[in-house]
Amino acid sequence: ENIAANFLKFAKLTRPRDVFIFYYAGHGRTLKDENGNPVFYLVSSNVGVLEQDETVKKDGLSGLQMINFSKKIRSGKQMFLFDACESGSVAKAFARIQKDTGGHILYAAASNQLAYEFSSLGHGVFTYTLLKTLEDNKKLNVSLLSGGMDFLLEELRPKYNLIDQTFGYYRTIEAPNFTIKSM
């Protein structure tokens, strides 16, 4: 409810020249809708049991709901970052309706993968590479951020045995690339 309320709050505050960035680190699940399409759900602390599909559908926040919220946000530049298991299915949802919404989506795992965490990194692998890429680069746009994160993932792969870890980046046709960091 808080996430939904804040999306609606930003929808009222943003203007076309603004940049909207949504970051989520937590649990995620991909479940099938009535047509067999994969639907990503943010599984926040209000969801009782992660393994109960009906509870996740009822109490989680679906990727489709987030897309509908993003349509109401008037900023011309939007970026969504998901450090959650199975989060790749949210990009598939954006791709299905890309004519209605423009944005960049970076996600930690394919729709059937886990998003790994290691205490030695202090974060999940996705968040670690995100923060490290931002720290190590004076100038970045969204595409360079994604590439830098992928480069770091390749460095971490042998050390943490990340055989099947895959980050994803999706950019809708209407989404302009934009500067994230410039010093």
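No experiment lies behind these values; they were computed from the predicted model shown.

1. Some details on helix α3 (residues 63-72)
Considered for burial, the residues of α3 that qualify are Gly63, Met66, Ile67, Phe69 and Ser70. The buried residues of α3 occupy an angular sector of 160° when projected down its axis, which confines them to one face.

2. Structural notes on the confidence of the model for the protein chain
Chain-level pLDDT for the protein chain is 89 on average; 96% of the residues reach the 70-or-more range. For the protein chain, helix α4 (residues 88-96) is the element with the lowest average pLDDT, namely 79, and helix α5 (residues 125-136) is the one with the highest, namely 97.

3. Regarding the sheet that holds strand β6 (residues 104-107)
Read across the sheet, four strands follow the order β1-β5-β6-β10 without closing on themselves; strand pairing throughout is mixed. Two strands bound the open sheet, and with one partner strand each, they are β1 (19-25) and β10 (168-171). The mean angle between the axes of side-by-side strands here comes to 10°, regardless of whether they run parallel or antiparallel. The sheet contact formed by β6 and β10 spans four bridges and is antiparallel. Across the sheet, residue isoleucine 105 finds its bridge partner in β10, namely tyrosine 170. On the sheet, α5 packs against β1, β5 (77-83) and β6 and is oriented at approximately 135° with respect to β5.

4. A look at the pattern of salt bridges
Applying the stated criterion to the full structure yields four salt bridges. In this structure, arginine 29 and aspartate 53 form a salt bridge, with 2.8 Å as the shortest nitrogen-oxygen distance. With arginine 29 in strand β2 (residues 27-32) and aspartate 53 in helix α2 (residues 53-59), the pair connects residues that are 24 residues apart, well separated along the chain. Classification of arginine 29 by relative accessible area gives buried; the value is 16%. Judged by relative accessible area, which is 36%, aspartate 53 ranks as partly exposed.

Conventions used here
Residues numbered from 1 in each chain as written. Predicted model: local features only at pLDDT ≥ 70, side-chain atom pairs only at ≥ 80, totals over all residues. Heavy atoms only, no water. Buried < 20%, exposed > 50% of the residue type's maximum accessible area, 1.4 Å probe, protein only. Helix = DSSP H or I, 4+ residues; strand = E, 2+ residues; numbered from the N terminus. Arc of directions from axis to C-beta. pLDDT = per-residue confidence, 0-100. Pairing = 2+ DSSP bridges. Axes fitted to C-alpha atoms, helices over the stretch in contact; angles between N-to-C directions. Contact = heavy atoms within 4.5 Å. Salt bridge = Lys/Arg side-chain N within 4 Å of Asp/Glu carboxyl O.

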